[in-house]
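Descriptive structure summary
Below, each chain spelled out in residue letters.
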Amino acid sequence: MALLILLFALPIGVTFYRYVAVTMRSAMQDRRQKTAAAVADSVVTDYLRQFSQDAYNGHYDADKLSRPETFYDRGFSTVTFIPDEVNRTVYLRAEGYYGTPARPLARKTLEALIQFKSDLVLYGTMINGPFTISADNVAYDGGLWFNGSLSVTGDNVRFNGGPLVVQGNLSGTSDVVLDGDLYYGGTSAGSVSVLGEKYNFVPAATWPTLDFAYYDAHYTYKTTSDKTIIFNSTGSFTVVNGPTQAIPENGAIIYGENCSLTIKGAVSGRVTVVAGGPVGNCSSAKGKITVSDSLYYVGASSISAGANSSFAALARNCVNFSKDSSNLLAVGVFFVEQGTNNMGLSGSSGKRFWLYGVRTQGITISPSSSFSGGISLKYDANLQAFPPPGLPEKAALVDWNLR
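Presented here is an overview of the structure given in this document. No experiment lies behind these values; they were computed from the predicted model shown.

Let's talk about unusual backbone geometry
Trans peptide bonds make up most of the peptide bonds, and negative phi angles are found at most residues other than glycine. Backbone torsion omega between Ser366 and Pro367 reads -5°, so that peptide bond is classified as cis. Not every positive phi belongs to a glycine, and Arg88 is a case in point at roughly 60°. Looking at the element boundaries, Arg88 is found in the loop between strand 2 (75–84) and strand 3 (89–99). The backbone of Asn137 shows a phi angle near 55°, a positive value even though the residue is not glycine. Its place among the elements puts Asn137 in the loop between strand 6 (131–133) and strand 7 (139–141). Assessed through its relative accessible area of 58%, Asn137 is described here as exposed.

So this is what it looks like as structure tokens:
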């Protein structure tokens, strides 16, 4: 009987032992792989944390992207990176290891692509607060973002393309048509006719702020007194009663510290004009940018940004468009950091005004007869692919592969 038991029990015991051993090894290997993957993931998380803390600096600089071989309780990591400032991306290849550098027991590789975009190029219109559209028979092109409620009281108002993002409530009748998607954060979307999808939430976005210390450290030309800047088709700009400077290949930042700037001309290159000063409004003497004559791009299309030409005007307090006795054209991003009514338009009756790009304020027309020949506000989607230099950016993880 003992012999018979031994003959059956021994094979069963050996088989069970082998099963347990294989299971233990598999569980241990799985644990090691999961630990290695977590180590690699923590590297990418660390980059995203770094990028979220500064909208301007260190996105493409090797000294800010470098990481030492990092050790954890049961493993370590290494990382390689490829920054691409032209396409606004950083490619990361993070390797997480379980074990020690002398004896790694498991490895996982995480490849990630991080892309930087500025909120200032995503929407044709941005308003930092509630807004009312009272005009009749008007059309808005490109995305719109309102940091508050939006009331449409005009008749036959149409939004061509999207999205339309309203942080609060949207109100309007059924003859208000949105040919795109709606995102609203309030409790009501009114009776607006939405041809796309309707979502009762809003994508994360905050009103951009200007870091004047950054512009003071990265300018191509700086002035502390009011100046007029003329852009030349030859890839340069001229300061009236001052120098003429070439626009560098990686773009130019023209910084007016505690003063106001007047601009016009043919932009050939990537340019950002910044006017800083104490907080005020359009009556302030500082922190103002005025477009005094047509401002357009050099190239096949004078109204759309491209690989060789893009423009932004960033002002602390005010942007004005002002031209008498003539039509007026302006292109690019026009951003006013302060207030909600600090963008003005003045000109002659019967003339026309065109803006191709982005505006971040409601435009006050004074006198009311200014540019009565027609006013056109068009979004330039090319600004997303070819942004001007020095815009505040956000990092987004757009692709990843764990293997």
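Comments concerning the layout of surface pockets
If you add up the space inside the largest pocket, you get close to 780 Å³. Taken together, 34 residues line the largest pocket, and the ones lying closest to its centre are Glu85, Arg88, Asn250, Arg270 and Pro389. Here the residues of the lining of the largest pocket sort into 14 nonpolar, 13 polar and 7 charged. Size it by volume and the second largest pocket reaches roughly 620 Å³. Of all the elements in the fold, those that place two or more residues in the lining of the second largest pocket are strand 6, strand 7, strand 29 (352–359), strand 30 (363–365) and strand 31 (374–379). Looking at the lining of the second largest pocket residue by residue, the classes come out as 13 nonpolar, 10 polar and 3 charged.

Observations regarding the environment of Lys198
Here Lys198 lies in strand 16 (residues 198–199). Along the backbone, Lys198 and Leu182 are 16 residues apart, and their C-alpha atoms lie at a distance of 4.8 Å. With residues near it in sequence (within four places) discarded, Lys198 still touches Leu182, Tyr184 and Ala189.

With respect to the pairing of strand 3
Taken across its 11 residues, strand 3 has 9 buried, putting it largely inside the fold. Relative to strand 3, strand 2 runs antiparallel, the two being bridged by 10 bridges. When the bridges of strand 3 are listed, Gly75 appears paired with Tyr98. Where strand 2 folds back on strand 3, the antiparallel hairpin that results is connected by 4 residues, among which Arg88 adopts a positive phi of roughly 60°. Where strand 3 and strand 4 (residues 104–117) come together, 11 bridges link them in antiparallel fashion. In the sheet register, Val90 faces strand 4, and the bridge partner there is Ile114. Here strand 3 hands over to strand 4 after 4 residues, the two strands then running antiparallel side by side.

Regarding the sheet that holds strand 3
Reading across the sheet, the 5 strands line up as 1-2-3-4-32 and stay open at both edges, with antiparallel pairing between neighbours. On the outer flanks of this sheet lie strand 1 (70–71) and strand 32 (394–402), each paired with one strand and no other. As defined by bridge partners, strand 1 adjoins strand 2 across 2 bridges and the pair is classed as antiparallel. Pairing of Thr70 across the sheet is with Ser77, part of strand 2.

Definitions and limits used
- Residues numbered from 1 in each chain as written.
- Predicted model: local features only at pLDDT ≥ 70, side-chain atom pairs only at ≥ 80, totals over all residues.
- Heavy atoms only, no water.
- Helix = DSSP H or I, 4+ residues; strand = E, 2+ residues; numbered from the N terminus.
- Buried < 20%, exposed > 50% of the residue type's maximum accessible area, 1.4 Å probe, protein only.
- 1 Å grid on protein atoms, 1.4 Å probe; cavity = no way out; pocket = protein on both sides within 12 Å on 5 of 7 lines; lining within 4 Å.
- Points joined across faces, edges and corners; volume = space filled by probe spheres on them.
- Nonpolar A, V, L, I, M, F, W, Y, C, P; charged D, E, K, R; others polar.
- Contact = heavy atoms within 4.5 Å.
- Pairing = 2+ DSSP bridges.

All we've got here are geometric facts, nothing functional implied.
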